[in-house]
Amino acid sequence: MRLIFLILVTLMIATAVGLGATWMTATRGVNVGTITIGAWTARPKTGTSDIDPYSRASVARSGELPVGTGDGVTFSAAKDDSGKLLNGQCDVAVKGVTPAARFWTLTIYDNKGQLVANSLQRYGFTSQEIVRGSDGSFEVRITSRARAGNWLPTGGLDRYMLVLRLYDTPVGVATRTQKDAPMPAITTVSCP
Amino acid sequence: MIRWLFAIIGGVLLGGVVHLVSVLVLPRVATLDAYSRLAPLTKLNAVTPLPAAGPGSAPMPYMDPAFASAVCRYDLSKGPLKLKVPVSQAYTSVSFYTRNDTAYYAINDRSAGRRVIELDLMTSDQHADLPEEEDVTAADRLIIDSPTATGLIVLKALAAEPGLMRQAEASLAAATCGIQPAQAAAR
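The paragraphs below set out a description of the structure included in this document. (Residues numbered from 1 in each chain as written. Chains lettered and ligands numbered in written order. Predicted model: local features only at pLDDT ≥ 70, side-chain atom pairs only at ≥ 80, totals over all residues. Heavy atoms only, no water.)

For the rest of this paragraph, the subject is the overall build of chain B. Secondary structure assignment for chain B yields 7 helices and 9 strands. Relative to a compact globule of 187 residues, whose C-alpha radius of gyration would be 16 Å, chain B shows 21 Å and is clearly more extended. Projected onto the principal axes, the alpha-carbon positions of chain B cover approximately 75 × 50 × 30 Å. For chain B, the proportion of its 187 residues judged to be buried stands at 50%. Sequence separation of at least 24 residues holds for 69% of the intrachain contacts in chain B that already meet a minimum separation of 6. Total accessible area on chain B stands at roughly 9,300 Å², and carbon and sulfur atoms take up 61% of it. (Helix = DSSP H or I, 4+ residues; strand = E, 2+ residues; numbered from the N terminus. Rg over C-alpha atoms; globule rule 2.2 N^0.38 Å. Buried < 20%, exposed > 50% of the residue type's maximum accessible area, 1.4 Å probe, protein only. Contact = heavy atoms within 4.5 Å. Areas by Shrake-Rupley, 256 points an atom, 1.4 Å probe, with all protein chains shown as cover.)

Printed below as a string of structure tokens:
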């Protein structure tokens, strides 16, 4: 009787630990082949047949289709350069230059990967429509209230994430540092 | 006491096994993966335009709103597939996904190097069955092997500004995909 009880406890622990770990890794991802540049991370291998099992599980769970390697690379950021979670109430600046690519797009998503509703129907910028300074760099302001220049509305969301997609780019599995791929800086300028 | 210790250690070890197995099984049993989401929206072996991505209306999460997209959901069991995508003004790409949403091939307008991206998609068995002389001309005929018999082809055209979305959609509307007639395959 006692043995059966012990076996039951063992199996319960196994289920909780196993499925818990799977849920954690499928939602948060595992750093296999991750490129981290500043606040941005990318997993170029998710766009190939060499995708690791953890990324495969996370793709299946979220229901997205990863950008193929012959198409482009996806960088995402949920925190600013100092490690603070991006907050829709705050005034956040994305400033700098992007790696070499024929086109890029910068998009704002909520935590579930849905676009953020706003009256302007402005969900992001493409490399062609952004307003740049004379040195070719740009600055995007991400706030809940309207701004002059490149403004991305947050709709007052608590948490959001930024996704920078580079299309037709040499950036990929071999990229390691800021030198190969200069990513724009993300800073929280002020919070109410 | 020692028995309880054994139970806990055994549970954690067994939990590791459960974790590995469930990670590997999850893509096969997921019911809300991209293929399952798109299956009711799309026609088989034909190009279906996807509705523009908007808040709450996007068929999949993490879609790029700057792109017009269309999907050809394929089943190669009846024969190889022929795909033709005219290139749009800004940027056009074609990505291939297996039934389990793995991107196994992607090509863009520049690497295709023509005004129309033209591809033949087949299973490796069908590729092996091609007559010898067909392979000689394979250089100007792009043949792609699909690892699975079913899957998705996603066509994307960039609208560099919101005003160009109509144009991007129109260029994708001219794209075709379909099973090759048996005659053409045998020729």
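Before going further, it helps to examine the pairing of strand S5 (residues 103-109) of chain A. The element S5 of chain A is extensively covered by neighbouring structure, given that 7 of its 7 residues are classed as buried. Side chains of S5 of chain A alternate between two faces, with Phe103, Thr105, Thr107 and Tyr109 of chain A and Trp104, Leu106 and Ile108 of chain A buried alike.

The subject of this paragraph is the interface of chain B and chain A. Interfaces are often described in size by the accessible area the parts lose on coming together. Residue-level contacts link 57 residues of chain B with 54 residues of chain A. Summed over both sides, the interface of chain B with chain A buries roughly 4,600 Å², with 65% coming from carbon and sulfur. Taken together, the connections running from chain B to chain A amount to 3 salt bridges. For Arg102 of chain A, the salt bridge identified is with Asp109 of chain B, shortest N-O distance 3.0 Å. The interface formed by chain B and chain A includes 20 residue pairs in polar contact (both at pLDDT 80 or more). Listed by contribution, the elements that provide at least two residues to the side of chain B that touches chain A are helix H1 (2-29), helix H2 (34-38), strand S4 (92-98), strand S5 (103-108), helix H3 (109-112) and strand S8 (150-158) of chain B. (Buried area = accessible area lost by both parts, 1.4 Å probe. Salt bridge = Lys/Arg side-chain N within 4 Å of Asp/Glu carboxyl O. Polar contact = N/O pair within 3.5 Å; in protein donor to acceptor, adjacent residues only side chain to side chain.)

Here we come to a nonpolar patch on the surface. A cluster of nonpolar side chains, contributed by Leu3, Ile7 and Leu11 of chain A together with Leu14, Val17, Val21, Val25 and Val29 of chain B, occupies part of the molecular surface with about 680 Å² of accessible area. It is H1 of chain B that provides the largest number of residues to the nonpolar patch, a total of 5 residues. Position of Val25 of chain B among the secondary structure elements: in helix H1. The partly exposed category is assigned to Val25 of chain B, whose relative accessible area is 36%. (Patch = residues over 30% accessible without salt bridge, like charges linked within 9 Å, V, L, I, M, F, W, Y side chains within 5 Å.)

A few words now on helix H6 (residues 165-173) of chain B. Residues and elements named next belong to chain B. For H6, the set of buried residues is Met165, Ala168, Ser171 and Leu172. Down the axis, H6 shows its buried residues gathered within 125 degrees of arc, on one side only. For H6, exposure combined with an orientation more than 90 degrees from the buried face picks out Arg166 and Ala173. (Arc of directions from axis to C-beta.)

This paragraph deals with the packing of helix H1 (residues 2-28) of chain A against H1 of chain B. The N-to-C vectors of H1 of chain A and H1 of chain B enclose an angle of 40 degrees; their axes lie 6 Å apart at closest approach. Here H1 of chain B runs oblique to H1 of chain A, going by the angle between their axes. By crossing handedness, the relation of H1 of chain A to H1 of chain B is classed as right-handed. In terms of residue class, the contact of H1 of chain A with H1 of chain B is built from 17 nonpolar, 9 polar and 2 charged. (Axes fitted to C-alpha atoms, helices over the stretch in contact; angles between N-to-C directions. Parallel < 35°, antiparallel > 145°, perpendicular 65-115°, else oblique. Left-handed = near helix turned anticlockwise from the far one by under 90°. Nonpolar A, V, L, I, M, F, W, Y, C, P; charged D, E, K, R; others polar.)

Residues and elements named next belong to chain B. Spatially, the 5 strands line up as an open sheet ordered S1-S2-S8-S4-S5, and their pairing is antiparallel. Every interior strand has two partners, whereas the edge strands, strand S1 (47-49) and S5, have only one. Between one strand axis and the next, the sheet turns through 20 degrees on average, direction left out of account. With 7 bridges connecting them, S4 and S8 associate as antiparallel partners. By the bridge assignment for S8, Val94 is matched with Leu155. On the sheet, H6 packs against strand S2 (67-75) and S8 and is oriented at approximately 20 degrees with respect to S2. (Pairing = 2+ DSSP bridges.)

Quick look at the layout of surface pockets now. Its boundaries defined by the atoms lining it, the second largest pocket holds a volume of some 390 Å³. As for the second largest pocket, its lining consists of 20 residues, and the residues nearest its centre are Gln121 and Tyr123 of chain A together with Pro65, Pro162 and Met165 of chain B. When contributions to the lining of the second largest pocket are tallied by element, the ones reaching two or more residues are S5 and strand S6 (124-126) of chain A. Class assignment of the residues belonging to the lining of the second largest pocket gives a composition of 10 nonpolar, 6 polar and 4 charged. (1 Å grid on protein atoms, 1.4 Å probe; cavity = no way out; pocket = protein on both sides within 12 Å on 5 of 7 lines; lining within 4 Å. Points joined across faces, edges and corners; volume = space filled by probe spheres on them.)

With that settled, consider the side chain of Asn108 of chain B. Locating Asn108 of chain B in the fold gives a position in strand S5. Using a relative accessible area of 3% as the deciding quantity, one classes Asn108 of chain B as buried. A polar contact of 3.4 Å, which involves the side chain of Asn108 of chain B, links it to the side chain of Asp168 of chain A. A distance of 3.0 Å separates the side chain of Asn108 of chain B from the backbone nitrogen of Arg110 of chain B, its partner in a polar contact. Setting aside its immediate chain neighbours within four residues, Asn108 of chain B contacts Gly70, Arg102 and Asp168 of chain A together with Tyr91, Thr92, Ser93 and Ile117 of chain B.

Turning next to H1 of chain A. All names here are of chain A. An ideal rise of 1.5 Å per residue puts 39 Å on 27 residues; H1 measures up with 39 Å between its terminal C-alpha atoms. For H1, the full list of buried residues reads Leu6, Val9, Thr10, Ala14, Gly18, Thr22, Thr25 and Ala26. Once H1 ends, the next one or two residues include Gly29, with phi positive near 85 degrees. (Expected span 1.5 Å × (residues − 1).)

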